[in-house]
There are 4 protein chains.
Amino acid sequence: MTVKVGIINVTGYAGMELARILRHHLDAQLVAVTGRSMAGKRLDSVFPHLVKMGLPIIEKDELEGVDVAFSALPHKASAEACIQSLEKGAKVVDISADFRLKDVHEYESWYKVTHPGPQYLEEAVYGLTELHRREIASARLVANPGCYPTGALLGLAPLVKERLIGPDVIIDAKSGVSGAGRTLSLNVHFSEADENVSAYGLEGHRHLPEITQELRQMDTSQPWQVTFVPHLIPMTRGILSTIYVKPADSRLPISAQGQKRLTDLFRDYYKNEPFLDVTQEPPQTKQTWGSNMTQVYPVMDLRTGRIMVITTLDNLVKGAAGQAIQNMNLMFGLPETEGLDTLAFYP
Amino acid sequence: MTVKVGIINVTGYAGMELARILRHHLDAQLVAVTGRSMAGKRLDSVFPHLVKMGLPIIEKDELEGVDVAFSALPHKASAEACIQSLEKGAKVVDISADFRLKDVHEYESWYKVTHPGPQYLEEAVYGLTELHRREIASARLVANPGCYPTGALLGLAPLVKERLIGPDVIIDAKSGVSGAGRTLSLNVHFSEADENVSAYGLEGHRHLPEITQELRQMDTSQPWQVTFVPHLIPMTRGILSTIYVKPADSRLPISAQGQKRLTDLFRDYYKNEPFLDVTQEPPQTKQTWGSNMTQVYPVMDLRTGRIMVITTLDNLVKGAAGQAIQNMNLMFGLPETEGLDTLAFYP
Amino acid sequence: MTVKVGIINVTGYAGMELARILRHHLDAQLVAVTGRSMAGKRLDSVFPHLVKMGLPIIEKDELEGVDVAFSALPHKASAEACIQSLEKGAKVVDISADFRLKDVHEYESWYKVTHPGPQYLEEAVYGLTELHRREIASARLVANPGCYPTGALLGLAPLVKERLIGPDVIIDAKSGVSGAGRTLSLNVHFSEADENVSAYGLEGHRHLPEITQELRQMDTSQPWQVTFVPHLIPMTRGILSTIYVKPADSRLPISAQGQKRLTDLFRDYYKNEPFLDVTQEPPQTKQTWGSNMTQVYPVMDLRTGRIMVITTLDNLVKGAAGQAIQNMNLMFGLPETEGLDTLAFYP
Amino acid sequence: MTVKVGIINVTGYAGMELARILRHHLDAQLVAVTGRSMAGKRLDSVFPHLVKMGLPIIEKDELEGVDVAFSALPHKASAEACIQSLEKGAKVVDISADFRLKDVHEYESWYKVTHPGPQYLEEAVYGLTELHRREIASARLVANPGCYPTGALLGLAPLVKERLIGPDVIIDAKSGVSGAGRTLSLNVHFSEADENVSAYGLEGHRHLPEITQELRQMDTSQPWQVTFVPHLIPMTRGILSTIYVKPADSRLPISAQGQKRLTDLFRDYYKNEPFLDVTQEPPQTKQTWGSNMTQVYPVMDLRTGRIMVITTLDNLVKGAAGQAIQNMNLMFGLPETEGLDTLAFYP
C-alpha cells in the first residue's frame, strides 16, 4: 500500500520540507499540494531544489483523494482546512498550533482568535512522538508540536515522568532564523539578523502553554513554574535548548554518582528511541542539521546542585516536517523511521 | 553483491562525507576506515552525526579485504596509499590530486614533490563523470576531480566540445570555507573568515592545470588562455563559478535567438544526465546544498557579446565525495545514482 | 563655522549611516531628519545604536534652514526632494541615482521613469571624490556614486587614464546584503541569503551605465565593452570587485618587471589619497569594515597576459554615506577626512 | 600631557583592538608594541586595517619608557610581564586573568599554575569601571575583567547592591567567536562554528569565580549560588547574557508596578554612566557592535515571579580593550570617554 499524501500550504518552510522528505519515502506518495500565492506553478519551478517534482500547486486549501493531509497553514486557517480534510475521510497532521492546547480558552487567550473547531480538541493527539506514540498510532488528527516544545520536552520528560525534579524550570532556547518562517519581516532581514543575537517573546511566547500542558500531564503533582526565553541567533536551522532545573530530593544526589545516575536515567529512558541520542559530550546543532535526531545531554552543576539538560534538533525536521512524517508513519502502521533515516550534514 | 568499501583518512571533510553517503548506499558497505590522529576510536565517537556507525578507525593507511578504496589523504601520501591498494587488488578512487594530471612534470612543478608512481598516470581516468563516463566504468584507478574544476568544466563542456568559443576563458569562483578542508589555519578561523571575502591563489591555483588539461582534450585546436581566480566567502558549503567566454564565430549570434540556441545546446547536451540541471533562473548554491547536483545557467551579455555560464554545486558532494561514489557506482556496474538521490536542503 | 545638515529619508541604511558619521563630525551638525514611516519618533528610539541622538523624525521630505541636504530617497522621489532643497538655497548630495547619468535618455531607459529635473543634469557633479575632487569642491549638487561603480572605477582609473588597457572589461563583484537596502524582499530574508551565493542583474544592472559613462570620460578613444556581474554573498557589509582587463600594448609587459610597473603606477597615482590603500597582499573586505578606505590590489596573470585589479570597500561607508560626507567636506572647504578617519573594525 | 602607551602582545584580538582605539585617542600615544610571532614587522603590515600605524613589533615582553602598559598575554606570562612593567615605574592594565581573583588559591585551582606575583593581588583593582571607578582612578595595577563577567555583573549590580534578589543566579551567555581569541583550534574553525551553536565550559568556566567574587563583595549576606553556562554562536563580536534571578522579598512585587520599579531602579542606578544604556526594548548585540556601550534590559516574568536581566556588549570593546582604555583614562585623570565615544555600527 502506498499512502497518498497532500500538503496544504506547501510554500512555507515546513510545507516545502515535507515535500522534500516525502520524495525519499518508499511507502508514501505526494499527490497534491496547495499554496495560494504560487497557485498554478509547478512545485519544482517554485523550489528548484525539489528537482523533478512537477506537481502543480493548487489554489484552494481543500484536498481530494488523499489518505493523509498535512496542513502548514497559519493558525485558525489551518484548523479550518484540517476539519475539511477530516470530513472528507482523510487523516490529518496539523503543523499549526490549532489542536495542540486541550483548553480552548487557553488557546483563544494566547492566539487571540476564536477556535473554528473546539469539538476536535479532545480527539486530537499531541504529536510529540516519543511521549504519545501509542495514541498517535490510532489517531485521526495529530497536532504536531512546536519546534521549541519538542526540544524542551524531550529534555525534561525522563526527569518529569520519574518525578525527580522540582517545579522551577527555566528553558533558555537559541533558534536559527528559519523557525520564524518564510514571511518577510525586519527581524529576519539578513542585514538585521546577521551578526546579531537577541531575546524575544519575553512577555510570553506561544509555545509556553504547550510545554506547561505536557509537563502537567506527565506529573500532575507539581505546580510547574516555567520560564521560557527564546533567542534568535544568526544561523538558518537548528535549536539548542538549555534547561535549568533542580532535583526534587536526594534520589539524584549532587555528586559524581548522581551524575552517573542522571546519565543512566536518560540512556535507559530513550534506549529504544530511533531518533534520540543521549550524548557523551555537549551536543551541537550542526550534528542534527537535516536529520530527525534529537540530541540530549543531561549534566549536573556540582557547585550549585542544579541539573542542566541541553538538547539540539533541526527545527524544520524533528521540530516540524520530520516529526510530522514520523507521526504519519505511526498512523499508517509503517516503520517509524521510513523516509527519516538521513544522517545529519556536518559540517 | 555488496561492494566492500574502505576509506583511507576518514577524518577530513571528504572522508567523513564519504562515510555519510555510504551509510545510505544499498549496494555498498563501509568495512574499514583509517585515520592516524583518531586511530583506535569509533567513527561515531569522532563524528557524532554519524549515528551508530561504530567502525573502529585504524591507524595505518593500508586496507585489507576491500573491493574499492577511497583515499582522502593529502597529495603524495595519497598516491602511495592508492598504489598499495591497487597492488592488493582493490579498485581505487583517489580524492587527492595525485593522478589527475597526465604530465608528471606538470604535476611536480605545481605540487613541488616527486610523484610516487608516475607509471600509473596513463592508466588513471580523470573522474569527472559526465565527461569520462565510459572510461570510468572500466577503470581500476579513478582520479576524482577537484571541486573547482568540476564546476568550471561542467559549465564549459558543451561550448568547448562543440568548438563554439574562443580561447579566452575567465573563471571567477566563489567557494565556501569547507573546500579548504579541516586543517587549522588563520584564513579559516571563524573570526577571520566570517563577514569577509577575499581572492586567493592569484599567483596560480593548483586546480588550474586540471582545467586546462581537460579543455585541451575536448578541443585541441584552441590555444586556451584560462584565468582562474578563486574567492573564499563566508559560508560552509557550496561553489558558484562565473565563467566568462566569447563565441568563436557567428554560430552563436549575440541576440535573443542566440540566447535560445545557447540554452538549447546545454539542455540537449545534458538531457540524460541525472545530476545536471540547466536552470531557467540564475542558480544559487543553496539549491545544491547536500546534493550531488550541478546547476548550470548559460546566459548572453547582449551588450558586449560575451557568454557567461554560472554553475553551482556542493563542494563536498559533487565536488568531492558524491562524485567519488558516482564513479564507484560506474566502476562496479551499479546504478549511477545509487546512494546519491538526496535532494538539496533548502533553506 | 558649523555646517547645518539635514538628511532626507534617514530610515534606510544609507540615511542611518550618515547620521552615525555626522555624530562624530567636528564641523557639521545634524539639525533635521525626515522619514515617512517613522515620522514623529526620535532618531535614537528608532535606531537604539544612535545613542542620545534625539532629533525628531519629520514626515515631509522638505528641509528648512540647512546648509546641505543629503537625500537617501529612492530614485525620482529623491530628485524631487533635491530640487526643492536646491531651490531653498541648500547644497545637495544625492545618494540616489537621479543625477549620476548625464544623458537623460539613458537614465530614463534604465530607470523606467521620467526624470523630474533634467535641467540639473549638466550642473550635477559625479561624486566619485578621487576622480572629480576639483569639480566637487565648487559644486552645488553632487550625485553620489553607486557602491559598485566606486569599487570598479577606483580599480580602473589609473589604467584607463594612462590609456594602458584595451576596451574589454569584466567586473565580477561580490557584495554584502546591506547593499540591497532595508526594504524587505525574499532574496534578503536571512534564511534565503545565509549560506548562499548567487549572481543577479545578469540582464544588466543599473550601475553599469555609470561605470561606462566614467570610463568614456577618462578615455574617449576606447569602445568600452564592460560586462558587470554582481553577486550577493552572505555577509552584511563589504564589496569585493575582481576586475579583468588586458594591456593595450607593450607599455605594461607581461613579466615580473611589468608587475612592478603596474604596482608603481597605482602607488604613484593614489599616493596623496587619504582613503586609498594600494595593498601588498590580496585585500579582504573585513579590512575596510566600517571605514572609508578603498583597498586596491593590481596583479598580473603572467600565464595569460591579463591584468586583475581587486578592490574592497564598505558599501555603506565609501560606497554611500562616507563618500557623501567626504564630498560635503570638499563642498564646504573642510578638511576632506573630517569625520572619516575611523579605522576599520577587524575582525 | 600625552600618555605614552605600550601594548604587550599586540597580535591577539585584544591587543590589536587596543591599538585601533588608541589611534583615535587624543591624549594618549602608542609608542611600543610587542609580539613574539611577528617580531620585526610593522604593525600595519601585520594588520592592514591599522592603516599607517607603522610601529615596529618588538620581540621581548618588556617595555621601556611607557607611562602605562597593557598586557594581552596569556595568563601567567601576563603577570610576569606586568610585574616587570610595574617595577619600571609604569602603570599597568592587565587584560589577562592574573590579577582578577583576590584569593591566590582560587586562582591556582582554576588556572592550574603557580601565581608569579601573589603579593600584587591585594593592590590590584578589579577593573569593572562602573563598580570600582574610585579605586581604579588611584590604582597602579588594574585587572581588566573578563568579557562574560562584565556583561553579567552590570546586569546584576543594581539588584545585588540593593539586596533585592535571592542567592540563586543563572547566567546563560551567548558569545561571538572572537571571544575565544585568535589562536587556532577546531571549535573556532569556520566550517565547524558556522551554522552551529553549542554550550561549553559546563564543568565550570574560568569566568565563574570572578562573578562570584564580585557578587560576594557587593552583598556579603547571600550564599550566592551561581550557574554560568556560556554558548558559542556563529558571529564574530558580541555577547548577550540572559540572567535569571528571583526577588528576595516583596520590595519588588511581581506586578506591572513591580516592573516599573525594576526599570526605575536600573535607570536611576546607571543614570550618570556614559557607557550604560537601560533599554526600553530587548537589546541586540548588533546595537553595541564596535562601541563601548553595555545595554541592560531588566524584565519580570509575571507568570513565575522571576526577574530576567538581558545585557549586551561587544566582547572586544567593553569586554576587553575598550574597558581597558576607559580604565586608563581614569588612572591618568583623563575624561573617561576619551577615545571611546564611537557609536555602534549597525547593521
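The shown structure was predicted, so the numbers you read here are calculated from the model rather than taken from an experiment.

Asker: Go over the overall build of chain A with me, naming the residues and quoting the values.
Answerer: Across its full length, chain A carries 10 helices and 14 strands. Here the C-alpha radius of gyration of chain A, 20 Å, is about what a compact globule of 347 residues would show, namely 20 Å. Reported as C-alpha extents along the three principal axes, the dimensions of chain A are approximately 60 × 45 × 40 Å. Residues counted as buried form 59% of the 347 residues belonging to chain A.

Asker: Go over the relation of the copies chain D and chain A, please, and point to the residues and values.
Answerer: For the pair chain D and chain A, the best superposition has an RMSD of 0.0 Å and corresponds to a rotation of 180° with a translation of 0.0 Å parallel to the axis. Here the two chains are linked by the operation of a two-fold rotation axis. Within chain D, the C-alpha atom positioned nearest to the axis of rotation is that of D:Pro234, 3.1 Å from it.

Asker: Mind laying out the relation of the copies chain D and chain C, listing which residues take part and the relevant values?
Answerer: Superposing chain D onto chain C takes a rotation of 180° combined with a translation of 0.0 Å along the rotation axis, leaving an RMSD of 0.0 Å. Comparing interface residues between copies, 100% of those in chain D also sit at the interface in chain C, which points to an isologous, same-surface contact.

Asker: Give a detailed account of the environment of C:Gln295, specifying residues and quantitative values.
Answerer: Within the element layout of this structure, C:Gln295 appears in strand 13 (residues 294–301). Beyond its immediate stretch of four places on either side in the chain, C:Gln295 contacts C:Asp277, C:Thr279, C:Pro283, C:Gln287, C:Thr288, C:Thr311 and C:Thr312.

Asker: Lay out the interface of chain D and chain C with the relevant residues and their values.
Answerer: The partner chain C presents 21 residues to the 21 residues of chain D that form the contact. With 3 residues, the single largest contributor to the side of chain D that touches chain C is helix 1 (residues 13–23) of chain D. Split by residue class, the side of chain D that touches chain C holds 11 nonpolar, 6 polar and 4 charged.

Asker: Residue-level account of the interface of chain D and chain A, with values.
Answerer: Taken together, the contacts link 40 residues of chain D with 40 residues of chain A. Of all elements in the fold, only strand 8 (168–175), helix 7 (190–193), strand 9 (198–199), strand 10 (225–232), strand 11 (239–245), strand 13 (294–301) and strand 14 (306–313) of chain D reach the threshold of two or more residues within the side of chain D that touches chain A. Ranked by residues supplied to the side of chain D that touches chain A, first place goes to strand 10 of chain D with 5 residues. Per-class residue counts for the side of chain D that touches chain A are 19 nonpolar, 13 polar and 8 charged.

Asker: Now, about the packing of helix 6 (residues 147–161) of chain D against helix 8 (residues 208–218) of chain D: what can you tell me, with residues and values included?
Answerer: Residue and element names in this part refer to chain D. Viewed as axis vectors pointing N to C, helix 6 and helix 8 meet at an angle of 20°, and their least axial separation amounts to 10 Å. As judged from the angle between their axes, helix 6 and helix 8 are roughly parallel. Of the two possible hands of crossing, helix 6 and helix 8 adopt the one that is right-handed. Residue-level inspection shows Pro 149, Ala 152, Leu 153, Leu 156, Ala 157, Val 160 and Lys 161 of helix 6 in contact with helix 8, the latter providing Glu 210, Ile 211, Glu 214, Leu 215 and Met 218. For the contact of helix 6 with helix 8, the class distribution of residues is 9 nonpolar, no polar and 3 charged.

Asker: I'd like a rundown of the pairing of strand 4 (residues 68–71) of chain A, residues and numbers included.
Answerer: Residue and element names in this part refer to chain A. Along strand 4, one buried face is formed by Val 68 and Phe 70 and the opposite face, lined by Ala 69 and Ser 71, is buried too. Where strand 1 (residues 3–8) lies against strand 4, 4 bridges are found, and the strand directions are parallel. Within strand 4, the residue paired with Val 5 across the bridge is Val 68. Pairing of strand 4 with strand 5 (residues 91–94) involves 4 bridges; the strand directions are parallel. Across the sheet, residue Val 68 finds its bridge partner in strand 5, namely Lys 91. Once you follow strand 4 into helix 3 (residues 77–87) and on to strand 5, the crossover reads as right-handed.

Asker: Please give an account of the domain arrangement of chain A that cites residues and values.
Answerer: Residues and elements named next belong to chain A. Assigned domains within chain A: domain 1 (3–123) and domain 2 (148–315). Centre-to-centre, using C-alpha coordinates, domain 1 lies 27 Å away from domain 2. Between domain 1 and domain 2, the residue contacts involve 9 residues of the former and 7 residues of the latter. Here the element with the most residues in the side of domain 1 that touches domain 2 is helix 4 (residues 104–111); it accounts for 3 residues. Of the residues belonging to the side of domain 1 that touches domain 2, the class tally is 5 nonpolar, 1 polar and 3 charged.

Calculation notes
- Residues numbered from 1 in each chain as written.
- Chains lettered and ligands numbered in written order.
- Predicted model: local features only at pLDDT ≥ 70, side-chain atom pairs only at ≥ 80, totals over all residues.
- Helix = DSSP H or I, 4+ residues; strand = E, 2+ residues; numbered from the N terminus.
- Rg over C-alpha atoms; globule rule 2.2 N^0.38 Å.
- Buried ≥ 20, exposed ≤ 12 C-beta atoms within 10 Å, placed from the backbone.
- Least-squares fit on C-alpha atoms with pLDDT ≥ 70 in both.
- Contact = placed C-beta atoms within 7 Å.
- Nonpolar A, V, L, I, M, F, W, Y, C, P; charged D, E, K, R; others polar.
- Axes fitted to C-alpha atoms, helices over the stretch in contact; angles between N-to-C directions.
- Parallel < 35°, antiparallel > 145°, perpendicular 65-115°, else oblique.
- Left-handed = near helix turned anticlockwise from the far one by under 90°.
- Pairing = 2+ DSSP bridges.
- Right-handed = clockwise from strand over helix to strand, strands pointing away.
- Domains from an automatic or database assignment.

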